[in-house]
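Single-letter residue listing:
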There are 2 protein chains.
Amino acid sequence: MKKHLEILKKCPLFDGIEEENLIRMLGCLGAKVEYFDKKYTIFAEGAPAKYIGIVLSGSAKIIQVDYYGNRSILSEVERSEVFAEAFACAGVDALPVTVVADEPCEIMLINCSHILHTCANNCGFHQKLIFNLMQDLANKSIMFHQKIEITSKRTTREKLMTYLALRAKKVGRNSFDIPFDRQELADYLEVERSGLSAEISKLRTEGIIECRKNHFELL
Amino acid sequence: MKKHLEILKKCPLFDGIEEENLIRMLGCLGAKVEYFDKKYTIFAEGAPAKYIGIVLSGSAKIIQVDYYGNRSILSEVERSEVFAEAFACAGVDALPVTVVADEPCEIMLINCSHILHTCANNCGFHQKLIFNLMQDLANKSIMFHQKIEITSKRTTREKLMTYLALRAKKVGRNSFDIPFDRQELADYLEVERSGLSAEISKLRTEGIIECRKNHFELL
DNA sequence: AACAGTATGTTGAATTTTCAACAAAAGGAG
DNA sequence: CTCCTTTTGTTGAAAATTCAACATACTGTT
């Protein structure tokens, strides 16, 4: 557990919690660490939503596959970020999404009821954890607002430009990497890959954007 | 304030809080009630996101209007429900959405920092409020997941059918009202009103759905 | 009952997306 | 370096959406 401390201290769930308390806390919460290879499923759709996940290394994607096999990417989860917390906290019985390792991953799993309900030891950190969870959920909510803002646009071009503009604003630069390849970007924007490629080409020849692989620049 | 107690007791924010405590609490939180006429703006995009709103009577819609004037409806807020909590809790400086009264409304406004930060009186209900807020935010997150599930579909027909199926599942019946007129439903599904009307007609002649005004039935 | 105003349905043309199939480029393994 | 696999780009035809314009139905008021 020790080797993950630096990452865990950056996790919004443990914001403002001292290192020594954090270690004790993790024991009390029954936190465990599991390893997943690239492309492996961390949580499968339909599984019970008991656990909160924290990415210790690697990264993962939250996806949803519909009846016809169309994949939709809901979000990307990076190191020190939390996932599946909304389902665990809301007490839904089955996960409506799948979480897949994007690269080899170490994932910390915490049974959410251990966070929500005071334990026998009556340790005093639950309040802080719940406060942090609340702030994290508020931030996730804003993330979804942005995703909806992007996908509510009617054309591929507008979706792409809205996404890139938000990304640029977030990093504070006009030049940045995105965490998606073309197919994944299409699945995030909810458009066709081929149409997306065509649109990127057009924007490039029009001198509006520049891009190489997953690096983009707004001109 | 007394006349709103029955509604407030149903508000998820005050879940598990006794009536007598609730009254004192509201005073301590500095809760105030404002009246808004139909179509009036409760919160405007760009306004500071300090306040959490609770619908005491009437209903409201959370909308987003883009650069070109296209309206997108994010959600509907009914009696005893909370709104704008994510922005207030996450501490964003300006609201990215507008909240509009759908009918004449009484709205309770609470400065979110009064909920988040323990007051001088050191009253003991903050923990419970924060816990409730956390659960509410988790539920909102799930709501957004569903909205994304709906709008990620590629055709108007699929979007509509996904929406209606979720709605039917929620109420547990195949026959139900929706809180939207045609234009609003189109703005919620992120499609054209005329195309939506055409699709509803088709589904009707195909014997898949039945509808009159905002009442729908899945056959 | 008549009217005005709003909401809903209908239609065809223009635009855009999706789909399928293939070409080109990039990356990895041996 | 070469082969093989994966990713990305390109294209044209089919399907769906958007747009604009108008017809019809509905609502509330006088």
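Conventions we followed
- Residues numbered from 1 in each chain as written.
- Chains lettered and ligands numbered in written order.
- Predicted model: local features only at pLDDT ≥ 70, side-chain atom pairs only at ≥ 80, totals over all residues.
- Heavy atoms only, no water.
- Helix = DSSP H or I, 4+ residues; strand = E, 2+ residues; numbered from the N terminus.
- Rg over C-alpha atoms; globule rule 2.2 N^0.38 Å.
- Buried < 20%, exposed > 50% of the residue type's maximum accessible area, 1.4 Å probe, protein only.
- Contact = heavy atoms within 4.5 Å.
- Pairing = 2+ DSSP bridges.
- Axes fitted to C-alpha atoms, helices over the stretch in contact; angles between N-to-C directions.
- Least-squares fit on C-alpha atoms with pLDDT ≥ 70 in both.
- Nonpolar A, V, L, I, M, F, W, Y, C, P; charged D, E, K, R; others polar.
- Near = heavy atom within 4 Å.
- Polar contact = N/O pair within 3.5 Å; in protein donor to acceptor, adjacent residues only side chain to side chain.
- Phe/Tyr/Trp six-rings, centres within 6.5 Å; stacked < 30°, edge-to-face > 60°.
- Lys NZ or Arg CZ within 6 Å of the ring centre and 35° of its normal.
- Salt bridge = Lys/Arg side-chain N within 4 Å of Asp/Glu carboxyl O.

Turning to the overall build of chain A, a few remarks are in order. Of the regular secondary structure elements, chain A holds eight helices and eleven strands. Relative to the 2.2 N^0.38 estimate, which gives 17 Å for 219 residues, the radius of gyration of chain A is 19 Å and therefore close to what a compact globule would have. Expressed as lengths along the three principal axes of its C-alpha atoms, the size of chain A is roughly 65 × 40 × 30 Å. Among the 219 residues that make up chain A, the fraction classed as buried is 52%. Contacts spanning at least 24 positions in sequence make up 71% of the contacts within chain A whose residues lie at least 6 apart.

Bringing the sheet that holds strand 11 (residues 215-218) of chain B into the picture now. Within a sheet, neighbouring strands are paired by backbone hydrogen bonds and run either parallel or antiparallel to one another. All names here are of chain B. Strand order in this open sheet of three strands is 9-11-10, and the pairing throughout is antiparallel. A single partner strand is all that each edge strand has here, and the edge strands are strand 9 (175-177) and strand 10 (209-212). Averaged over all pairs of adjacent strands, the angle between their axes in this sheet comes to 20 degrees, without regard to strand direction. For strand 9 and strand 11, the ladder comprises three bridges, and the chain directions are antiparallel. Looking across to strand 11, one finds that aspartate 177 is bridged to histidine 215. Sitting on the sheet, helix 8 (residues 193-205) touches strand 10 and strand 11, and the angle it makes with strand 10 is about 125 degrees.

Another point: the relation of the copies chain B and chain A. Mapping chain B onto chain A leaves a residual RMSD of 0.0 Å; the transformation is a rotation of 180 degrees accompanied by 0.0 Å of translation along its axis. In short, the pair behaves as if placed about a two-fold rotation axis. Among all residues of chain B, the minimum C-alpha distance to the rotation axis is found for B:Met134, at 2.2 Å. A share of 100% of the interface residues of chain B reappears at the interface of chain A, consistent with the copies meeting face to face through the same patch.

Let us now look at the packing of helix 5 (residues 126-151) of chain B against helix 6 (residues 156-171) of chain B. Packed helices, taken two at a time, are described by their axes: the angle between them and the distance between them. Residues and elements named next belong to chain B. Direction vectors running N to C along helix 5 and helix 6 enclose 145 degrees, while the axes themselves pass 8 Å from each other. Between helix 5 and helix 6, the residues in contact are Gln146, Glu149, Ile150 and Thr151 and Lys159, Thr162, Tyr163 and Leu166, respectively. Residue composition of the contact of helix 5 with helix 6, by class: three nonpolar, three polar and two charged.

Moving on: the protein's contact with DNA strand D. As a structural note, the neighbourhood of DNA strand D is formed by 15 residues, with A:Arg182, A:Ser197, A:Ser201, B:Thr156 and B:Glu192 the closest of them. The protein-proximal atoms of DNA strand D, defined as those within 4 Å of the protein, are 64% sugar or phosphate. The side chain of A:Arg182 places a nitrogen or oxygen atom 2.9 Å from a phosphate oxygen of DNA strand D. The side chain of A:Arg204 places a nitrogen or oxygen atom 3.3 Å from a phosphate oxygen of DNA strand D. It is helix 8 (residues 193-205) of chain A that contributes the most residues to the surface near DNA strand D, five residues altogether.

A full pass over the atoms with the stated rule returns ten aromatic pairs over all chains. Among the aromatic residues, ring-to-ring pairing joins A:Tyr163, A:Phe180 and A:Tyr188 into one connected group. When the ring centre of B:Tyr188 is taken as origin, the NZ or CZ atom of B:Lys147, which lies over that ring, is 4.3 Å away.

To continue, consider the protein's contact with DNA strand C. The environment of DNA strand C is formed by 15 residues, the closest being A:Thr156, A:Glu192, B:Arg182, B:Ser197 and B:Ser201. Considering the 4 Å shell around the protein, atoms of DNA strand C inside it are sugar or phosphate in 63% of instances. Take A:Glu192: an N or O atom from its main chain is 2.9 Å from a phosphate oxygen of DNA strand C. One of the side-chain nitrogen or oxygen atoms of B:Ser197 is found 2.8 Å away from a phosphate oxygen of DNA strand C.

Turning next to the sheet that holds strand 2 (residues 41-43) of chain B. Residue and element names in this part refer to chain B. The sheet built from four strands is open, its strands ordered 2-7-4-5 with antiparallel pairing. Strands at the two margins of the open sheet, each flanked by one partner only, are strand 2 and strand 5 (71-77). The mean angle between the axes of side-by-side strands here comes to 35 degrees, regardless of whether they run parallel or antiparallel. As judged from the six bridges shared by strand 4 (residues 60-65) and strand 5, these two strands associate in the antiparallel manner. Bridge pairing links isoleucine 63 to isoleucine 73 in strand 5. Against the sheet, helix 7 (residues 182-189) makes contact with strand 4 and strand 5, and its axis sits at roughly 100 degrees relative to strand 5, the strand it touches most.

Residue and element names in this part refer to chain A. Structurally, aspartate 181 can be placed in the loop between strand 9 (175-177) and helix 7 (182-189). Given the relative accessible area of 41%, aspartate 181 is considered partly exposed. Separated by 32 residues in sequence, aspartate 181 and lysine 213 place their C-alpha atoms 7.5 Å apart. Engagement of the side chain of aspartate 181 in a polar contact is seen with the backbone nitrogen of glutamine 183, the distance being 3.1 Å.

What the rule picks out here adds up to 22 salt bridges over all chains. B:Asp187 is the partner of B:Arg71 in a salt bridge, and the nearest nitrogen-oxygen pair spans 2.5 Å. Of this pair, B:Arg71 sits in strand 5 while B:Asp187 sits in helix 7, and the two are 116 residues apart along the sequence. The closest approach of N and O atoms between B:Glu206 and B:Arg157, which form a salt bridge, is 2.8 Å. Taken together, the residues B:Glu206 in the loop between helix 8 and strand 10 and B:Arg157 in helix 6 connect sequence positions 49 residues apart. Bridged by salt links that share partners, the residues A:Glu6, A:Lys9 and A:Glu19 form one connected network.

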